[in-house]
Each structure stands twice: as C-alpha cells, then as structure tokens.
Amino acid sequence: MLNIQDLHAKIGNKEILKGLNLSVNAGEVHAIMGPNGSGKSTLANVLAGRNGYDVTKGTVEYEGKNLLKLLPEERAWAGLFLAFQYPVEIPGVNNVYLLKAAVNAVRKYRGETELDAVEFLGLIKEKMKVVKMKEDLLNRSVNEGFSGGEKKRNEIFQMSVLEPKLAILDETDSGLDIDALKIVSKGVNSLRNEKRSVILVTHYQRLLDYIKPDHVHVLSDGKIIKSGGPEVALELEEKGYDWIKEEAA
Amino acid sequence: MSPETMSDNIQNYVNDFNQLKIDDWLDESRHSALKLFKESGFPNSKLENWKYTDVRPIKKKSFSNVPGLTTSVGTEEINAVRFNGLDCIEVVFINGLFSKEHSTLVALEKGLVVENMLDALAKDKDLLAKHLTKYADDKVSPFTALNTAFIQNGTFINVVPNTVIEKPINILYLSKESNSALATHPRNLIVMGENSEATVIESYIGLDDANYFTNAVTEVALSPSAILKHYKIQQESLNAYHIGNLNIRQDKDSKLESHSISLGGALVRNDIHGQLAAEGAEIIMNGLYMTGDKQHVDNHTRVDHLKPRTLSTENYRGVLNGKSRAVFNGKVIVHKGAQKIEAHQNNANLLLSDDAEIDTKPELEIYADDVKCAHGATVGQLDQNMLFYLRSRAIDEETARSLLTYAFADELISNISFAPIRNRLEHLVIGQLPDTALIREFTNE
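The rules behind each value
Within each chain, residue numbers correspond to sequence positions counted from 1 in written order. Going through the entries in the order they are written, you letter the chains from A and number the ligands from 1. Local features in this predicted model are restricted to residues of pLDDT 70 or higher, and side-chain atom pairs are both shown and tallied only at a pLDDT of 80 or more, whereas totals for entire chains, interfaces and linings draw on every residue. Each side-chain value is derived from all of the structure's non-hydrogen atoms; neither hydrogens nor water enter the calculation. The helix and strand labels rest on DSSP assignments: H or I over at least four residues marks a helix, E over at least two residues marks a strand, and numbering proceeds from the N terminus. In this description the radius of gyration comes from C-alpha coordinates, and the expected globular size is given by 2.2 Å times residues to the power 0.38. Here the term buried applies to any residue with accessible area under 20% of the maximum for its type, exposed to any over 50%, and partly exposed to those in between, with areas from a 1.4 Å probe on protein chains only. Throughout, the Shrake-Rupley method with a 1.4 Å probe supplies accessible areas, and for residues the shown protein chains are the sole cover considered. Think of it this way: Lys and Arg go in the positive column, Asp and Glu in the negative one, and His and the chain ends go nowhere. Where a charge lies is defined by one atom per residue type: Lys uses NZ, Arg uses CZ, Asp uses CG and Glu uses CD. In what follows, residue pairs with any heavy atoms lying within 4.5 Å of each other are defined as contacts. The length a helix should cover is 1.5 Å for every residue beyond the first. Under this definition, polar contacts are N or O atom pairs within 3.5 Å; protein pairs additionally need one hydrogen-donor-capable and one acceptor-capable atom, and for neighbouring residues in sequence, both atoms have to be side-chain atoms. Axes here refer to lines fitted to C-alpha atoms; in helices the fit is confined to the stretch in contact. Angles between the N-to-C directions go from 0 to 180 degrees. Note that the term roughly parallel is reserved for angles under 35 degrees, roughly antiparallel for angles over 145, roughly perpendicular for angles of 65 to 115, and oblique for everything else. Left-handed is the label given to a crossing in which the near helix is rotated counterclockwise from the far helix by less than a right angle, and right-handed is the label when the rotation is clockwise. Each Phe, Tyr or Trp ring, with Trp reduced to its six-membered ring, pairs with another whose centre is within 6.5 Å; inter-plane angles below 30 degrees give stacked pairs, above 60 give edge-to-face pairs, and intermediate values give tilted ones. A quick way to say it: buried area is the sum, across both parts, of accessible area lost when two parts are put together, with a 1.4 Å probe. By definition, a salt bridge exists where a carboxyl oxygen of Asp or Glu is found within 4 Å of a side-chain nitrogen of Lys or Arg. Gly counts as polar in this scheme, as do all residues outside two lists: the nonpolar Ala, Val, Leu, Ile, Met, Phe, Trp, Tyr, Cys and Pro, and the charged Asp, Glu, Lys and Arg. Here, a strand pair is defined by DSSP locating no fewer than two bridges between the strands.

Draft legend 1. The arrangement of the overall build of chain A in detail. Scanning chain A for helices and strands turns up eight helices and twelve strands. For a compact globule of 249 residues, the expected C-alpha radius of gyration is about 18 Å, and chain A comes in at 18 Å, within 12% of that figure. Taking the principal axes of the C-alpha coordinates as reference, chain A spans close to 60 × 40 × 35 Å. A burial count over chain A gives 53% of its 249 residues as buried. When the accessible area of chain A is evaluated, it comes to approximately 10,900 Å², of which 48% is carbon and sulfur surface. A gap of 2 Å separates the mean positions of the 34 positive and 36 negative side-chain charges of chain A.

Given below as structure tokens:
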C-alpha cells in the first residue's frame, strides 16, 4: 500500500529525514517510535502534504501512485488521513458541516452518490457512540473551545466517519489521560480490518498496550534504525532510547 | 470662481440646482448649502479627512442631477433584490426618484410615519424644521452640503413615543443605466420618539453595471430610551461612486445599532458620526467591507462622547482582494467631563492578495480622566494551519480559502439577532466568494 524509499526531507536548511525506508501492507498496523526531534512528525506531515517541507530525495508510492505529487486534498480523496498532533481550531466553520463536506468530497472522487443530510446523520450516529463524541461538540466550530482530549477524540471520530485506507496518527496519545486513551484506542481498533493500514507515530510505549501493532520501528536522527515486532517497544520502554542508539551505532 | 473649480463640473451642479425650481420653506437652507459647496469645491487629499481617498473620478465626471430620467424598472428586477419573504414596509426609489408604485406605504402600523421627503416637507413642516439639517453638518463635508442643496427625494420616518414597530422598514435605492450618467442625492431623516423602537434597512443597489454617483445623507434623532437598529447595505454597481453619510444624535439611554455592509462600488466613502449627547446613550457600530478588483472603499467613523456614562462599541472587518484598497478611520472623542464612559473599537482585515492595500487608523482623543477605552487593529492573511487542516479533510483549496474567508466575515454577521437580515447578509457574503460546488455544504442554502 505504502512504500517509502530513501526519503530525505528538509525544513528550511535543516535536514530532518535522512534516508528513511518503510513499507506498509494493507491491513497492517505500524508503530513508529522515537525520541523528540527524530523526525516522527516530519514524516507524518510529509505524507499528508503539509507546506514547508522540502523533499530532496527519495520516493513515496501509495497504491501505485506517486504520493508526493498529490495535493493534500487529493491525498485525502485517495483515502489518506492524518490525525493531527495539534488539531487546529477553526472559528466559524461548523464541525459537522465540515465532516459532511469531507465525506461527500471523498464520495464524489470515488464516483459514489453524495449523502444528503439524513443519510449523513445516520452514518455519524453510530460512530459518535464509539468515541463517546458529545452532540454539542458536533455543532460547534471545528475544535473551538474543545479540551485537549476532546480535540483528539474529534480526530478519531473524523477518521472513523471518513474510513480512510491509510490512517496516520501523529502522537494522538500525547496529553491524554488513561480514560481518553482507552476511548481513542477503541476508536482506532474498531477501524482495523484487512484492507486498512495504520501508522502510529508515538513517543511512548503506553499507546501500544491498547493498540497492538504488527510492526514497530525506531526512528532516530531521520532514519529507521531498528524494526521488529511489538517486543521492540517493550525493550525501548525498559531500556530507553539511548540503548538502541548505541546498538545501532 | 477659478478655472480649476470650473473644470470640476461645479457649474454643472449649479445649473441643475437652478432648474429644480422648488419653492418651499427649506429653500434658504438649500441655497446656503449650495453656496458652501461652490466655495469649498470637492475635497482634496491634502485634507486629513480625505488623505487616503481621491475623489477626482467623481469631480471630473459630468453628472445629471435630474432624477428618474428614461429608465424603467420592472417588478421582477426589484423582486430579485428584495429580501426573500421578509414581511417589511418598503420604500423604493429608482434612479433617485420615489416610486409610489413599488413602495408599500399604505396601512402603516399605528404610530409610524414613512413618507417620501418631498411629501414630508409639505406635510410635516414643524417636525422636519426641528430635525432636518440639524445633525448632518454641511460645513464638515462638501458632499453633505451638495446633498442638502438637492434635498427632495429620500425617506422620512417618524415613530411616535412608546411605540414598537415590529416590521422592518426597507428602503431600496435602485440605480440603472440611463441616457446620461446620474448623480442622486437621497436624504433620509429618522426621528424616533421617546421609548420607541424600529428597524431600518437602507439598501443601495446597482441593477446593472452603470456609472452613476450616489450621494446619500441620513440623519437620525433618538429621543430618550429610543432604540434604532440601522442596516446599510451598499451593493452599488462596480462602476458607481457612493458617498454616504450617517449622522446620529442620541438622547438619554437611547441605543443605536449600526450595521454597515459595503460590497459594491468603484469608489466608496461611508461616514458615520454619532453624538452621544446624554447619559446612558449607547452606540454599536458594526461594519463589513469586501473589496476586489480596483475598488476603493473608505469607512470613516466618529463618536463623540459628550456626556458621562455613554458607551460605544465598534467592530469593523475587511476582506480585500485583487488590487483593491480600503481605508478605516475610527475616531473616538471623549469630551471634557464625560467621565465613566466606555469606548471599544476594533478593526480586523484579511488580505487575500499581495496587491490589496489597507490603511487603518484608530484615533482616540480623551479629555476626561475616568474612562475605559480600548482599540486595536489587525491586518493578516488566511491562516496556513487552518488551510492545511481543511485540505487534509478532503476540502479543495479554493473551497477552503472561501470557507475561511466566509468564517472571518461571518464573525460579524452571525451576531445579528434578526434572522431574515442575518440570512440575507450571509447569502450576500457567500455571493462575493468564488463559487465552488462544495461551499454550499457549509451554508444553509
């Protein structure tokens, strides 16, 4: 589904990704772990198409297409979803209208008929329960006045409604208490199936207690320095990042 | 008269004035106003008040000041610009001339007078003599003097004390191409009795892309505890010039809400002058200007806090595109002895193109020591983080830009409590934005 080869990316003059390789198959959950500044969020943003990142070398292939050539909205139409580390507040833009417009933009791209208001409400009703999304939040402006946990839950709620093929969760666990973490994890787990892939970007092993990854990668200084199964995360938890850096050196 | 002023077409205005042949009690005021205008000529940019707005396009053009002319306007054309389904009292003017046929001035609510100015001058002399020309100062702006010289068409509204008028009064000034370029000088007077309440909408609308000049003046007198909600919607043709002057004098505990929406016009100047002349008077001024192409829109406001415990709140927002230019100048004067007043002012601007330009200037003059005043001005562009967030949610870039622009403008409009007007204005704002298939997902349409 996703194939990243020798990816190099800069912000301004600073090189952040320095030859990253990653291959994700349909149905897999990959965790990417690493210390602060290792390039985790840069990877997530480059994949989603945020401005300000300069890809200097390497390729990213998504479902046979050159992902890097697509606009952010084209990536979303093609089934890519980024759950933001810091979801943006947008005063004056209604949360539920945005979600309906997003769903219909994707459906239009796929050549499906667009949903009317009734059909759309039917679709989101079930999804709201999974992440315990409060109805009054739905009718507010996007993320405006939401608590940190509510923002993250809104991201997962949007994800569950949009049903992406590839979901990238950028530090979705940061700033969440244990109850919120469980709800968010439940939302992610409910979406897991043999066709959908997930990339979990996280600093802590804690999230992986609730969302079991198939593969764990350790990112350090812009490269993946170790890959393995869930045991890698446990080892990291026990020994810290220094150990793995030394081992890789 | 110098040759220079002659070339400004001033003689043209004088000639048309001489043809008016109105002989009534106001004629002395008209003549002295014309004299003032002849002496001062059009304002130039050396004057501080006109520093950023060059009115040469107006003064160079030879306009006819005889309203009406040859144009006919059909009911369908008028229906297209009416408020959909709004139950209101309507006063319609076409090319400056009152249209009895299209107006709905029969069977008005008890305690309400709505008349064409010419009729009112004949019928309500005592009341008009007390208020007309008393709040708009011919000496302050040559355009006001010019308007006073030509007082004949316009709207007179009087609400008697202790009366609440439920239906909004919608005044439509419609302009359409005629056989010569037209200057019209609508003059409105709104007199609100003690403890009365009303809603008035002034709409200035170009029905095609004609080149004309609207020079409007509105005077408002609020008696104690009167409440007026005043909306001005400026949708002149993009080839038209619009100079509008709103002057308000407020008595004790009265409240004025002014909403000024400026969308059309090639060259536009809106002036609002509020005088808070007794304790407890409150003025709220909201404004939205959206400009594109080479439009020039200037909003000048001035509030005089003449007495203690008066309150002013001002919020103006601008959205500028193309090579357009906008000016905001908000003056607040706290006079000596006007203690415990509150004045809040804010002007926020969104620049959508590199070639658009805004000059924003808040001015505070305070001659009292126990006051609460705050003002601020911002100029910015669309937020990149918001744009990316929307695009990552499958919203195409053009829709995302329109949506954020709409959200910026709507922060003003969404506060309007009266739904039919709010919806109409939201509809107009959406109409100013690039039309995309997706944008309608975000509106009630």
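This is not the end of the story, as more comes after the structure.
Draft legend 2. Here's a closer look at the overall build of chain B. Secondary structure summary: chain B contains eleven helices and 20 strands in total. In terms of C-alpha radius of gyration, chain B reaches 21 Å, essentially the compact-globule figure of 22 Å for 445 residues. Counting over 445 residues, chain B shows a buried share of 59%. The contacts in chain B between residues at least 6 apart in sequence include a share of 84% that link residues at least 24 apart. About 17,600 Å² of surface is accessible on chain B, with carbon and sulfur atoms providing 47% of the total.

Draft legend 3. A look at helix H4 (residues 117-130) of chain A. Residues and elements named next belong to chain A. The end-to-end C-alpha distance of H4, which contains 14 residues, comes to 21 Å, matching closely the 20 Å that a straight helix rising 1.5 Å per residue would cover. Residues of H4 that are buried: Phe 120, Ile 124, Lys 127 and Met 128. The secondary structure elements touched by the buried residues of H4 are helix H3 (95-109), helix H5 (135-138) and helix H6 (148-162). Where H4 begins, the side chain of Asp 116 points an oxygen toward the backbone nitrogen of Val 118, at a separation of 3.1 Å. Of the residues flanking the end of H4, it is Lys 132, one or two places downstream, whose phi is positive at about 50°.

Draft legend 4. Representation of the packing of H3 of chain A against H6 of chain A. Residues and elements named next belong to chain A. Viewed as axis vectors pointing N to C, H3 and H6 meet at an angle of 30°, and their least axial separation amounts to 10 Å. Viewed along their axes, H3 and H6 adopt a mutual orientation that is roughly parallel. Crossing of H3 over H6 shows right-handed handedness. Residues Asn 95, Leu 98, Leu 99, Ala 102, Val 103 and Val 106 of H3 pack against Asn 154, Phe 157, Gln 158, Val 161 and Leu 162 of H6.

Draft legend 5. Seen up close, the side chain of Ser 103 of chain B. Residue and element names in this part refer to chain B. On the secondary structure map, Ser 103 appears in the loop between strand E2 (97-99) and strand E3 (112-116). Looking at Ser 103, its side chain comes within polar contact range of the main-chain oxygen of Ser 99, at 2.7 Å. Residue contacts for Ser 103: discarding those within four places in its chain leaves Glu 90, Val 91, Val 92 and Phe 98.

Draft legend 6. Representation of the packing of aromatic side chains. Residues and elements named next belong to chain B. Within the structure shown, the criterion is met by 16 aromatic pairs over all chains. Ring centres of Phe 42 and Phe 143 lie 5.6 Å apart, and the angle between their planes is 55°; this geometry places the pair in the tilted category. Highlighted residues: Phe 42 in the loop between helix H3 (27-40) and helix H4 (56-60) and Phe 143 in helix H8 (residues 142-149), separated in sequence by 101 residues. Relative to Tyr 241, the ring of Phe 63 has its centre 6.3 Å away and its plane inclined at 85°; by these criteria the two rings are edge-to-face. One end of the pair, Phe 63, is in the loop between H4 and helix H5 (75-81); the other, Tyr 241, is in strand E11 (residues 241-250), and 178 residues separate them in sequence.

Draft legend 7. Spatial organisation of the interface of chain A and chain B. At the junction of the two partners, chain A supplies 36 residues and chain B supplies 23 residues. In total, about 2,300 Å² of surface goes out of reach between chain A and chain B, with carbon and sulfur atoms giving 65% of it. For the interface between chain A and chain B, the tally reads two salt bridges. The salt bridge partner of Glu 155 of chain A is Arg 393 of chain B, with a shortest N-O separation of 2.6 Å. Its residues assigned to classes, the side of chain A that touches chain B shows 22 nonpolar, seven polar and seven charged.

Draft legend 8. Fine view of the packing of H3 of chain A against H4 of chain A. All names here are of chain A. Interaxial distance between H3 and H4 falls to 11 Å at its minimum, and their mutual angle equals 100°. Overall, the two elements H3 and H4 adopt an arrangement that is roughly perpendicular. Contact residues: Val 96, Leu 99, Lys 100 and Val 103 in H3; Ala 117, Phe 120, Leu 123 and Ile 124 in H4. Per-class residue counts for the contact of H3 with H4 are seven nonpolar, no polar and one charged.

Draft legend 9. Examining the pattern of salt bridges more closely. Scanning the entire structure with this criterion turns up 35 salt bridges over all chains. The closest approach of N and O atoms between Glu 397 of chain B and Arg 391 of chain B, which form a salt bridge, is 3.8 Å. Each of the salt bridges in this network shares a partner with another, and the network as a whole consists of Glu 73 of chain A together with Arg 391, Glu 397 and Arg 401 of chain B.

Draft legend 10. Quick look at the pairing of strand E15 (residues 296-305) of chain B. All names here are of chain B. The buried fraction of E15 is high, at nine of ten residues. Bridge count for E15 against strand E17 (residues 325-334) is ten bridges, and the pairing is parallel. Opposite His 305, over in E17, you have Val 334 as the bridge partner.

Draft legend 11. Main features of the side chain of Asn 299 of chain B. Relative to the elements of secondary structure, Asn 299 of chain B occurs in strand E15. Apart from the residues lying within four places of it in its own chain, the contact partners of Asn 299 of chain B are Ser 260, Asn 270, Tyr 289, Tyr 316, Val 327, Phe 328 and Asn 329 of chain B.

Draft legend 12. Geometry of the pairing of strand E3 (residues 29-33) of chain A. All names here are of chain A. Of all the five residues making up E3, five are buried; the element is thus mostly covered by neighbouring parts of the structure. Where E3 and strand E10 (residues 197-202) come together, five bridges link them in parallel fashion. When the bridges of E10 are listed, His 30 appears paired with Ile 199. For E3 and strand E11 (residues 215-220), the ladder comprises four bridges, and the chain directions are parallel. Residue Met 33 lies in a different strand from E11, and its bridge partner there is Val 218.

Draft legend 13. Layout of the sheet that holds strand E6 (residues 80-83) of chain A. Residues and elements named next belong to chain A. Read across the sheet, six strands follow the order E6-E9-E10-E3-E11-E12 without closing on themselves; strand pairing throughout is mixed. Each end of this open sheet is capped by a strand with a single partner; those strands are E6 and strand E12 (223-228). Direction aside, neighbouring strands of the sheet carry axes that sit 20° apart on average. Contacting E3, E6, strand E9 (166-170), E10 and E11, helix H1 (residues 40-48) crosses the sheet at an angle of about 145° to E6.

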